[in-house]
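Here's the letter readout for the chains.
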Amino acid sequence: MQPSQAEAVLCARCDTRNQAGAGFCIGCGAALAEPPAAIPPIRRGPACPACGVGNPPGSRFCVGCGAALAGRAPQGYAPALAAAGAGGATVVQHIYVAVPPTPAALPLLARALWFVFVGLWAGQLWLLAAWLLNLTVIGLPLGMWMFNRLPQVMTLRQERRGLSAAGLGSGAHFAVRAVYFVLIGWWLSLLWMQLAWLAAATVIGLPLSFLMFERVAAITTLADG
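What counts, and at which threshold
All residue numbers refer to position in the chain's written sequence, counted from 1. The predicted origin of the model limits local features to residues at a pLDDT of at least 70 and limits the giving and counting of side-chain atom pairs to 80 or more, whereas totals for whole chains, interfaces and linings rest on all residues. Side-chain metrics rest on all non-hydrogen atoms present in the structure, leaving aside hydrogens and water. In the cavity and pocket records, a cavity denotes points on a 1 Å grid over the protein atoms alone where a 1.4 Å probe fits but cannot get out, a pocket denotes an open set with protein on both sides within 12 Å along at least 5 of 7 lines, and lining residues are residues with an atom within 4 Å of a point. Grid points are joined across faces, edges and corners, and a volume is the space filled by probe spheres set on the points. Working definition: helices are DSSP H or I runs of at least four residues, strands are E runs of at least two. Numbering for both runs from the N terminus. Under the grouping applied here, Gly and all other residues not named as nonpolar or charged are polar, the nonpolar ones being Ala, Val, Leu, Ile, Met, Phe, Trp, Tyr, Cys and Pro and the charged ones Asp, Glu, Lys and Arg. Burial classification: accessible surface area is computed with a 1.4 Å probe over protein chains only, and a residue below 20% of its type maximum counts as buried, one above 50% as exposed, and the rest as partly exposed. Stacked, tilted and edge-to-face are the three classes assigned to paired rings of Phe, Tyr and Trp, where Trp is represented by its six-membered ring and a pair needs centres within 6.5 Å; plane angles under 30 degrees give stacked, over 60 edge-to-face, the rest tilted. Angles here are taken between N-to-C directions and fall from 0 to 180 degrees, while the axes themselves are lines fitted to C-alpha atoms, restricted in helices to the stretch in contact. Orientation categories follow fixed angle ranges, with anything under 35 degrees roughly parallel, anything over 145 roughly antiparallel, 65 to 115 roughly perpendicular, and all other angles oblique. Here a crossing is called left-handed whenever its near helix is offset anticlockwise from the far helix by less than a right angle, and right-handed whenever the offset is clockwise. By definition, residues are in contact when any of their heavy atoms lie within 4.5 Å.

Looking at the layout of surface pockets
1) Next: Size it by volume and the second largest pocket reaches roughly 170 Å³.
2) Next: Together, Val137, Leu140, Phe174, Arg177, Ala178, Phe181 and Thr221 line the second largest pocket.
3) Next: No other element matches the 4 residues that helix H4 (residues 174-201) contributes to the lining of the second largest pocket.
4) Next: Taken together, the residues of the lining of the second largest pocket sort by class into 5 nonpolar, 1 polar and 1 charged.

Focus: unusual backbone geometry
1) Next: At Val137, a residue that is not glycine, the phi angle is positive and equals roughly 70°.
2) Next: With respect to the helices and strands, Val137 occurs in the loop between helix H1 (108-135) and helix H2 (140-148).
3) Next: Look at Val137 and you get partly exposed, because its relative accessible area is 46%.
4) Next: In the Ramachandran plot, Val203 falls in the positive-phi region, its phi being about 70° despite a non-glycine side chain.
5) Next: With respect to the helices and strands, the residue Val203 is situated in the loop between H4 and helix H5 (206-214).

Section: the packing of aromatic side chains
1) Next: Throughout the structure, instances matching the rule amount to 1 aromatic pair.
2) Next: Considering the side-chain rings of Trp131 and Trp186, the 6.4 Å spacing of their centres and the 35° angle between planes classify their relative orientation as tilted. Highlighted residues: Trp131 in helix H1 and Trp186 in helix H4, separated in sequence by 55 residues.
3) Next: Exposure remark for Trp131: the relative accessible area of 12% places this residue in the buried category.
4) Next: Of the residues examined, Trp186 reaches a relative accessible area of 35% and is grouped as partly exposed.

Focus: the packing of H4 against H5
1) Next: Running from N to C, H4 and H5 cross one another at 160°; their axes reach a closest spacing of 7 Å. As far as their axial angle goes, H5 and H4 are roughly antiparallel. Viewed along their axes, H4 and H5 form a crossing whose handedness is left-handed. For the pair formed by H4 and H5, the contact residues are Trp192, Met193, Leu195, Ala196, Trp197, Ala199 and Ala200 on the first element and Leu206, Ser209, Met212 and Phe213 on the second.

Set out below in structure tokens:
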């Protein structure tokens, strides 16, 4: 028989009704507000393999210890158990970990064809657009972000490292950096990027090319690398 509305314990996480005296929710396994007192055995549902307490039909988690019942826990659920104090009580902490999918690495042949037929000239257009953004000054963050994406644009490299739009700080005084950019940085950065692009065009110079691209912020505005 289902518990009456007065006796039912409502889960604060998923709003599932639980029997009076239950320590953990049968719907999500969360600890209920009140600690369990004496939990009456319920033989009509599955018994918990951890503590032996009977559970209502359809329960995914034990009302006595919060452990996931066999074949009923949601995918990705992993309970962590730890002893609490000298009393020997067991505290169940439910941990849900969302792992982002890892993109599959493209075949080397596909990346090589991309670089030869698309990446090389697309990289040149990309870096020129980024350089023009830097000339506007207010476009520097976007320009630096585009430089950071050059390895991916040219070779479809999945993992990237290098500049970031938030990494434009420097120990040099702002006035010094501004004068440097106006007198030197704007034209030296273009020369530096063209040399890096030429190194990439040799194929064997790709590692050196990417290292040079990572230093574009320092060449342009004396930003810390």
